[in-house]
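Summary of structural features
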Amino acid sequence: MEANGNAGRCRLAHKPFGSTLVIRRSILALVLLLAGAFDILPAQSRTSGVTVFGKVVDARSSQPIPFLTVQLRTERDSAFLTGRLTDSTGAFTFRDLASGVYRLEARRIGYEPLVQRVLVGELSAFLDLGVLPMVPAAAQLGGVVVSASADEVSAAMDRRTFRVADNVSQSGGSVLQAMASLPGVTVSQDGKVQLRGSDQVIVLIDGKQTALTGFGAQSGLANLPASAIENIEIITNPGARFDANGSAGVINLILKKEEQDGLNGSLGLTAGAGALWEKRANLPSVGEQYRVTPKINPSVSLNYRKGGTNTFLRGDWLHSPTLNKNEFATRQYGDTLTVIQQMRRNRDTDYATVSAGVDHAFDEYRSLTVSTLYNQETIIDHGDNPYFRNDVATRYRLWQFLEDEVLYAAYGTAVYTRRYPQPGRSLTVTGIVSFHREDEKYFFTNTLAGFTGRDSFALIADEHVQDLNVDYIRPLRQGRVEAGFKGRRRVIPTNMQFFPGPQSPIDSGAGGRAEYRELIPALYGNYVYESETVELEGGLRVETVILDYDVNPDHNTYRSDGYRYTQPFPNVRVAYKFSPSRKLSLFVNRRVDRPNEGDIRIFPKYDEPELLKVGNPGLQPQFTTSADLGYRASWGRGSLYGAAFHRITDATITRIATSVPGDSILYNVTQNAGRSWMTGAELVWQQSLTDWITTSTNAMVYRSTVGAFTVLNQYPQPTSFSAPRQEIVSGNFKVNATILAPGGWDARVTSVYLAPDLLPQGRIESRYSLDVGLRKSVQGGRGEVIVNATDVLNTMQLRRTIRGTDFTWRSTDYLETQAIRVGYSWKF
């Protein structure tokens, strides 16, 4: 199961004398899990520090020693910090401990003093000192140790956490816009998030996959309001607890939720405008581009907490018309034909989200959370696409379309947890039911010389998903053990019906019905160990996938396909701590990217009549092995994080465009293109330059390689395509500066440069943008005013070159990237 990670987790380590006890406790934890762990409790809420617990017994009789005073002192100067009495079972607990080295002491007449060295570390929030014997003769017990730090990069160096509220230069926009400036993140030409150059990213909401952001791949980020999100976690090295899908990593969106007692909440409103001026004038016969598009984002959050019950409700609406696409392209077929075209797409979008839920604690040990979320996205696209032969004076086709699309997403979650009296030991059972509907209607007008045709089609695709997750955590003397199960059933029936007019260019024989069925059971185990200088973590996830894709038997090209596999997905982390502020860490893992339903969908997509996107039901998963060597150092007013990474991917999933002899239409079909590699390095430097300016600088460079390959596109007829080995050195550079400006204003400036990069059959050129934002706290801290502008210089353009067997495609997309917003929020 996917799970939230806590930055600054702590981990336990001790001297080698306890290794046998560690093994016994690990085996016991796994046995309890498999047996059902019948006396179990809810995940404990986050604390500000680490919880340490243990049990004191008589060394000879093994009987507990009750009502014994146990003290905790600093190791450096033996200063007394706190004390506890053991209970009737000899157990004691210290909570909210800061990182550092301590000395635990206990004394009683008739026994030798009990002294333990305790190191509070970075990987576990709970430390189990185990059974501590007091003996009548002198005895030296092994030490236990612990250390921690809070940073943008987590202590385990597997993730980064960002507060959306801090990103004032993108406030009031979408989650996709908010992530564009984050270290290691780029946005691809088709609006997908990339981590370290790959868009194989899984997006979670509160640690769970849902219909809102997609199960097989990311979706919905371009319109999901950033106002609904508290934090964004970027996880580049997911462990065994996470679903194996998503080789580039995981993005976890944490929704806002209040924690105060009584009735409280917030109201917010952001408004603005985009497409403030025209980047490039239309070609002849193209309708007006959207200009000065309004942006409106109201939000409301209510929370009521009384006793052990917390009830919450949140609503967000984003009204955001955009010039969604404005691409000018030239296709060259040898020396005989040049096709000049423009795709202008004006988009009206309304995106509404409502979430609600109840947290209830039955008692100290049992709790239940029930929540639901409903989302509706309405999209109206108006598009003009003229085609000219050799020069813009000779138009041979005008393709115009209207798309009416409504997307519905809803999911319900129930989480029942119980915890043991031993803090940190818990078992959590989570059930998720999710539904998503894609309801599209397309209407086309195809104008040719002496003829005008009208065509349409309708698509209905319903996604039904049921998840069951069981997760068990057991703190140990030297770390912790985790184990769990995940089961998923996913069904997507799809129906596309074409309604061709006279002389229609639509391939009506490619329509019909299809059904996607996916069944995934998975088991995982993970073990964490820590000493004063060494950290070890090892996990294994074993996953079985049974996928069937039933196709309409009357389809003119494709037949039923699917795949099955049972595969291990291990992960290993080894770290060496030079000091509490300097650490070197090595990650190695194996992950998979399963084709999404859209990747294998058999129906051609007619956004452009001469560039059709088609799925491939014969598509297979791609498997990736990754290694990441990272170093982190921190000092008084700054920190440095550097990493070198390498990824090897087999059966690389990509889209390949081919043409049929005698036809200028390009068919963009999803394929497995063989092996690819990516090797790179990343650097993140955070520094307070003065008392009033703080910077975060991120630089990444990588070499992307795609091996030579040959594929066969089946649609609309078998066509072979071969490509030689391709290589490019690419990267990006980002600077975020936060400035304390006069008058109580906070200013943020974000500069992003993206170097040229490889595409499946070509390359995308460099891109640059500059964003600025201002924020001021008003009304005694209850109110906040923001003003921001994205792509201030209006420089963000997408320039691409695609090369096929007998064609070359060059294009520049002058889509809307610039917007100015003003917002106000109030907390009560």
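Residues numbered from 1 in each chain as written. Predicted model: local features only at pLDDT ≥ 70, side-chain atom pairs only at ≥ 80, totals over all residues. Heavy atoms only, no water.

1. Details of the overall build of the protein
When its secondary structure is counted, the protein shows 3 helices and 48 strands. Split into buried and exposed, the 828 residues of the protein put 56% on the buried side. Put simply, 70% of the contacts in the protein that link residues at least 6 apart link residues at least 24 apart. For the protein, the computed accessible surface area is about 32,600 Å², with 58% contributed by carbon and sulfur atoms. (Helix = DSSP H or I, 4+ residues; strand = E, 2+ residues; numbered from the N terminus. Buried < 20%, exposed > 50% of the residue type's maximum accessible area, 1.4 Å probe, protein only. Contact = heavy atoms within 4.5 Å. Areas by Shrake-Rupley, 256 points an atom, 1.4 Å probe, with all protein chains shown as cover.)

2. Details of the sheet that holds strand β3 (residues 69–74)
With antiparallel pairing, 4 strands are arranged side by side in an open sheet as β4-β3-β6-β7. Single-partner strands in this sheet number two, and they are β4 (80–85) and β7 (114–120). Adjacent strand axes in the sheet meet at a mean angle of 25° when their direction is disregarded. By the bridge criterion, 5 bridges tie β3 to β4 in an arrangement that is antiparallel. Its bridge partner being in β4, valine 70 is matched across the sheet by arginine 84. (Pairing = 2+ DSSP bridges. Axes fitted to C-alpha atoms, helices over the stretch in contact; angles between N-to-C directions.)

3. Things to note about the sheet that holds strand β13 (residues 201–205)
Strand order in the open sheet formed by 4 strands is β10-β14-β15-β13, and the pairing between neighbours is mixed. The two strands at the open ends of the sheet, each matched to only one other strand, are β10 (159–163) and β13. Strand-to-strand twist in this sheet, taken as the mean axis angle between neighbours without regard to direction, amounts to 15°. Bridge count for β13 against strand β15 (residues 249–255) is 5 bridges, and the pairing is parallel. Residue pairing for β15: isoleucine 202 is matched across the bridge by valine 250.

4. Let's talk about the side chain of serine 730
Mapped onto the fold, serine 730 is located in strand β40 (residues 726–740). Serine 730 sits in the buried class, given a relative accessible area of 4%. At 3.4 Å, the side chain of serine 730 forms a polar contact with the backbone oxygen of alanine 755. The contacts of serine 730, once residues within four sequence positions are left out, are Met700, Val701, Tyr702, Ala755, Pro756 and Asp757. (Polar contact = N/O pair within 3.5 Å; in protein donor to acceptor, adjacent residues only side chain to side chain.)

5. Re the packing of aromatic side chains
Counted according to the given criterion, the structure contains 19 aromatic pairs. Ring geometry for tyrosine 563 against tyrosine 565: centres 6.3 Å apart, planes inclined by 5°, an arrangement best described as stacked. Across this residue pair, the class does not change: tyrosine 563 and tyrosine 565 are buried. Between the aromatic rings of phenylalanine 569 and phenylalanine 623, the centroid separation amounts to 6.4 Å while the plane-to-plane angle is 15°, which identifies the pairing as stacked. (Phe/Tyr/Trp six-rings, centres within 6.5 Å; stacked < 30°, edge-to-face > 60°.)

6. Structural notes on the pattern of salt bridges
On inspection of all chains with the given rule, the structure shows 46 salt bridges. Residue arginine 196 is joined to glutamate 682 by a salt bridge in which the shortest nitrogen-to-oxygen separation is 3.0 Å. In this pair, arginine 196 is assigned in the loop between β12 (193–195) and β13 and glutamate 682 in strand β36 (residues 676–688), connecting sequence segments 486 residues apart. Residue classification places arginine 196 among the buried residues on the basis of a relative accessible area of 4%. Several salt bridges share partner residues, and in doing so they unite Glu530, Glu535, Glu537, Arg573, Lys577 and Lys583 into one network. (Salt bridge = Lys/Arg side-chain N within 4 Å of Asp/Glu carboxyl O.)

7. Section: the nonpolar core
In this structure, Phe444 and Tyr606 are the most contacted members of the largest nonpolar core, which totals 55 residues. If you tally residues by element for this core, the top one is strand β27 (residues 534–551), at 4 residues. What tyrosine 606 contacts, discounting residues up to four positions off in sequence, is Trp399, Phe444, Phe457, Phe498, Pro505, Ile506, Asp507 and Leu612. (Core = buried A, V, L, I, M, F, W, Y, C linked by side-chain atoms within 4.5 Å.)

8. Some points on the confidence of the model for the protein
For the protein, the mean per-residue pLDDT works out to 85, and 89% of the residues sit at or above 70. Least confident of the elements in the protein is strand β1 (residues 13–14), whose mean pLDDT is 36; most confident is β27, at 95. In the predicted structure, residues 1–47 sits below a pLDDT of 50 and forms 161 contacts with residues beyond four places in sequence or in another chain. This stretch, residues 138–150, has a pLDDT under 50; its non-local contacts, to residues over four places away or in other chains, come to 58 contacts. (pLDDT = per-residue confidence, 0-100.)

9. Some words on the environment of valine 701
Secondary-structure assignment places valine 701 in strand β37 (residues 693–706). A residue is classified by how much of its surface remains accessible, and valine 701, at 42% relative accessible area, is partly exposed. Measuring from C-alpha to C-alpha, the distance between valine 701 and glutamate 682 comes to 6.6 Å, with 19 residues separating the pair along the chain. With near-sequence residues (within four places) excluded, valine 701 lies in contact with Thr679, Gly680, Ala681, Val729, Ser730 and Gly731.

10. Digging into the environment of tyrosine 576
For tyrosine 576, the location among the structural elements is in strand β28 (residues 561–579). Taking the C-alpha atoms as reference points, tyrosine 576 and glutamate 535, separated by 41 residues in sequence, lie 6.4 Å from one another. Dropping the residues within four chain positions of it, tyrosine 576 is found in contact with Thr533, Val534, Arg582, Lys583 and Leu584.

11. A short note on a nonpolar patch on the surface
The grouping of Leu536, Val572, Val574, Tyr576, Phe578, Leu584, Leu586, Val588 and Leu629 at the surface amounts to a nonpolar patch, some 700 Å² of accessible area in total. Residue assignment for the nonpolar patch shows that the elements contributing at least two residues are β28 and β29 (582–593). The leading source of residues in the nonpolar patch is β28, at 4 residues. Note that phenylalanine 578 resides in strand β28. (Patch = residues over 30% accessible without salt bridge, like charges linked within 9 Å, V, L, I, M, F, W, Y side chains within 5 Å.)

12. Re the pairing of strand β46 (residues 798–803)
In terms of strand pairing, strand β43 (residues 762–764) meets β46 through 3 bridges, oriented antiparallel. When the bridges of β46 are listed, isoleucine 764 appears paired with arginine 800. Summarising the sheet, β46 and strand β47 (residues 808–813) pair through 6 bridges and their orientation is antiparallel. Residue pairing in the sheet places leucine 798 in a bridge with aspartate 813 of β47. If you look at the hairpin formed by β46 and β47, you'll find 4 residues sitting between the two strands.

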